[in-house]
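Breakdown of the fold
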Amino acid sequence: MRPARTSLFHPKARAVLAASALLLAAGCAAGGSISIPLTPAAPDINAYPPMPKGAPPGASARAEAAAKALGRGVNFGNMLEAPTEGAWGVSVTDDVIDKAAAAGFASVRLPVRWSNHAGAEAPFTIDPAFMTRVESIVDKLLAKNLVVVLNMHHYRQLDGDALDAGEAKVADALVDVRFVMLWEQIAARFKSKGDRLVLELYNEPHGRMNGEPWNVLAARALGVVRKSNPERPVVIGPTHWNSAGDLAQLKLPNDANLIVTVHDYNPFPFTHQGAEWVTPVLPLGVTCCSAAQVADMTAPLDVAKSWAAAKRYPVYVGEFGAYSKADEASRVTFNRTMRDAIESRGMTWAYWEFAAGFGVYDPVKLAFEAPLTCGVSVVRVTLPAPFLSSTFRMRNLTFGATPRLAALEDSAPDPPMVPAMCVPCPYSSVGVEVANERPLRKS
Ligand code: BGC
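Here's what I pulled together on the structure shown here. Counting restarts for each chain, with residues numbered from 1 along the sequence as it is written. A pLDDT threshold of at least 70 governs which residues receive local features in this predicted model, and a stricter bar of 80 or more applies before side-chain atom pairs are shown or counted, although totals over entire chains, interfaces and linings include all residues. Note: side-chain values were computed over all heavy atoms of the structure, leaving out hydrogens and water.

1. A closer look at the nonpolar core
- Here, nonpolar core refers to any group of buried Ala, Val, Leu, Ile, Met, Phe, Trp, Tyr and Cys residues whose side-chain atoms link them within 4.5 Å. Relative accessibility decides the category of a residue: with a 1.4 Å probe and only protein chains considered, values under 20% of the type maximum give buried, values over 50% give exposed, and everything between is partly exposed. Phe-76, Trp-114, Leu-150, Phe-179 and Phe-354 are the most contacted members of the largest nonpolar core, which totals 99 residues.
- Any two residues whose heavy atoms approach within 4.5 Å are treated as being in contact. Other than its neighbours up to four places away in sequence, Phe-354 contacts Val-74, Asn-75, Phe-76, Val-96, Lys-99, Ala-100, Phe-105, Gly-359, Val-360, Tyr-361 and Phe-368.
- Grouped together as the second largest cluster of nonpolar side chains are 10 residues, Val-147, Val-149, Ile-259 and Tyr-316 included.

2. Concerning the pattern of salt bridges
- For this analysis, a salt bridge means a side-chain nitrogen from Lys or Arg found within 4 Å of a carboxyl oxygen belonging to Asp or Glu. The full count for this structure, using the stated rule, is 22 salt bridges.
- Across the pair Glu-231 and Arg-62 runs a salt bridge whose closest N-O atoms are separated by 3.1 Å. Here Arg-62 lies in helix α1 (residues 61–70) and Glu-231 lies in the loop between α6 (212–228) and β5 (234–236), a separation of 169 residues in the sequence.
- By relative accessible area, Arg-62 is classed as partly exposed at 35%. Each helix is a run of DSSP H or I of at least 4 residues and each strand a run of E of at least 2, with the numbering of both proceeding from the N terminus.

3. Examining the sheet that holds strand β3 (residues 147–151)
- By definition, two strands form a pair when at least two bridges between them are found by DSSP. Strand order in the closed barrel made by the eight strands is β1-β2-β3-β4-β5-β6-β7-β8, with parallel pairing throughout. Adjacent strand axes in the sheet meet at a mean angle of 25°, parallel and antiparallel pairs treated alike.
- Bridge count for strand β6 (residues 258–263) against strand β7 (residues 315–319) is four bridges, and the pairing is parallel. Paired with His-263 across the strands is Glu-319, a residue of β7.
- Fitted lines through C-alpha atoms give the axes, limited to the stretch in contact for helices. The angle between two N-to-C directions lies from 0 to 180 degrees. Where α1 meets the sheet, its contacts fall on β1 (72–75), β2 (107–110), β3, β4 (197–200), β6, β7 and β8 (348–351), and the angle it forms with β6 comes to roughly 40°.

4. Concerning the packing of helix α5 (residues 175–189) against α6
- Two elements in contact, α5 and α6, have axes whose closest approach is 8 Å; the angle formed by their N-to-C orientations is 25°. Taken as axis vectors, α5 and α6 run roughly parallel relative to one another. Crossing geometry of α5 relative to α6 is assigned as right-handed. Residue-level inspection shows Asp-176, Phe-179, Val-180, Trp-183, Glu-184, Ala-187 and Ala-188 of α5 in contact with α6, the latter providing Trp-214, Leu-217, Arg-220, Ala-221, Val-224, Val-225, Lys-227 and Ser-228. Comment on the angle field: the value is read as roughly parallel under 35 degrees, roughly antiparallel over 145, roughly perpendicular from 65 to 115, and oblique elsewhere. The crossing is said to be left-handed when, going from far helix to near helix, the turn is anticlockwise and less than a right angle, and right-handed when the turn is clockwise.

5. What about α6?
- By definition here, a helix of n residues has an expected span of 1.5 Å times n minus one. Relative to the 24 Å expected for 17 residues at 1.5 Å per residue, α6 spans 26 Å between its end C-alpha atoms, a close match to the ideal helical length.
- In terms of burial, α6 is largely enclosed, as 12 of its 17 residues are buried.
- Listing the buried residues of α6 in full gives Trp-214, Asn-215, Leu-217, Ala-218, Ala-219, Arg-220, Ala-221, Leu-222, Gly-223, Val-224, Val-225 and Arg-226.
- Those residues of α6 hidden inside the fold are in contact with α4 (156–159), α5, β4, β5, α7 (239–242) and β6.

6. Brief notes about the packing of aromatic side chains
- In summary, the pairing rule links any two rings of Phe, Tyr or Trp, Trp by its six-membered ring, whose centres are within 6.5 Å, and it sorts them by plane angle into stacked for under 30 degrees, edge-to-face for over 60 and tilted for everything else. The full count for this structure, using the stated rule, is 15 aromatic pairs.
- Here Tyr-265 and Phe-358 contribute two aromatic rings whose centre-to-centre distance is 6.2 Å and whose plane-to-plane angle is 70°, an arrangement assigned as edge-to-face. With Tyr-265 in the loop between β6 and α8 (268–271) and Phe-358 in the loop between β8 and β9 (361–362), this residue pair connects regions lying 93 residues apart in the sequence.
- With centroids separated by 5.4 Å and ring planes inclined at 45°, the aromatic side chains of Tyr-323 and Phe-358 adopt a geometry described as tilted.

7. Topic: the pairing of β8
- Side chains Thr-348 and Ala-350 project from β8 onto one buried face, and the interleaved Trp-349 and Tyr-351 project onto a second face that is buried too.
- Where β1 meets β8, three bridges bridge the pair, whose relative direction is parallel. Residue pairing for β8: Gly-73 is matched across the bridge by Ala-350.
- Looking at chain direction, β7 and β8 are connected through two bridges and run parallel. Residue pairing for β8: Tyr-316 is matched across the bridge by Thr-348.
- Look down the strands so they point away from you; if going from the first strand over the helix to the second traces a clockwise path, that crossover is right-handed. A crossover links β7 with its parallel partner β8, the connecting element being helix α10 (residues 328–344), and its sense is right-handed.

8. Some words on the side chain of Asp-362
- Take Asp-362: it is sitting in strand β9.
- Residue Asp-362 is classed as buried on the basis of its relative accessible area of 14%.
- Any pair of N or O atoms that falls within 3.5 Å is considered a polar contact. Within protein, one atom must be able to donate a hydrogen and the other to accept it, and sequence-neighbouring residues count only if both atoms are side-chain atoms. Of note is the side chain of Asp-362, whose polar atom sits 2.8 Å from the backbone nitrogen of Val-364.
- Apart from the residues lying within four places of it in its own chain, the contact partners of Asp-362 are Ala-367 and Glu-369.

By themselves, these figures tell us nothing about what the structure is for.
Pasting the structure below:
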């Protein structure tokens, strides 16, 4: 069962652990002594000071280039951020890696629940087998020339949320320092990967992270990441689930190699209708996209665009999407509208998500959900016979009379990033088939 996005934060009393272990030696009548086993000293979070903040310089050319290279991406959601891989029905198979790459996505965001694969006490060692598993996936994605955004996702206690079944509780006083020390390990392990690997500190901070706690913790975590990865682009997002409305409260560390992320699931009654992890479950039957709904979708993007212009950091929309309980035609319209709205504001994106409840790919049929993929399309299309002898125009596309087009152009602002464009949806209405067999031109 997935988590409740709308669950309320219930402040928890934080137990204060003794900083040093107890050692009792008691004399007894026999003149002997007893000792109580040592509890390992709790690590001091002040050993990880926050990076200075308050004067972020704006993004470096490196960060700007990395944000641009993210292009049109997709989340490998419900895979490694489930309590264990496969528990939410999908895994990172070679097939999904191959298909995401062949479909032409420029980047993959890889959500990972590190917190469920690490010790509960210092030094919070990440399970070596899990670390190796994540690294092997990152390597395969990089080998496909994809840009990879490796994040930390669903560290439930960090936000003050209830644990999922089977998760072990960490002492409250250790939760934050554990976050930083997990990053110390992750950053060290991935420090030698090339420029196409981007790290993202935390998905959707909320609850007990809202406000200043996240600003401070993010600055501590970036400090440890910078020890091993001095220049790697790092993604940081605002609180309240990466809401653009919280950008005003986000205090970036003074670091130029940053990309800022927001998520946009507006209109929520449409995108999350029937979602089992939202309480109460929202009613079905909401369609999209009226003018009012489009205004709702684009309002956060306008906030993000203004913020980006003022602060001079690029913005990456790391999640948007609509759950499969919405009607398909509306989801297609939603996807296309969002894609165009994000790109026209100069931002890049990752669709939520590849192969589960929001998915564009059916991992059982091993096939793309063609109309949906159309919405966030980067798929190559082959025009069927009726179109081969004529010029075919759609939006501002002109297709020549070539049976297999080398590349289809669309109206997006950056042609090298635009390998293909969907044709009118659903595909069946124009008889165009999707052919994913060849990688597409990438930036
Ligand atoms: C969460 C997922 C959820 C999705 C849409 C993501 O950030 O991690 O669990 O399905 O948002 O609600």
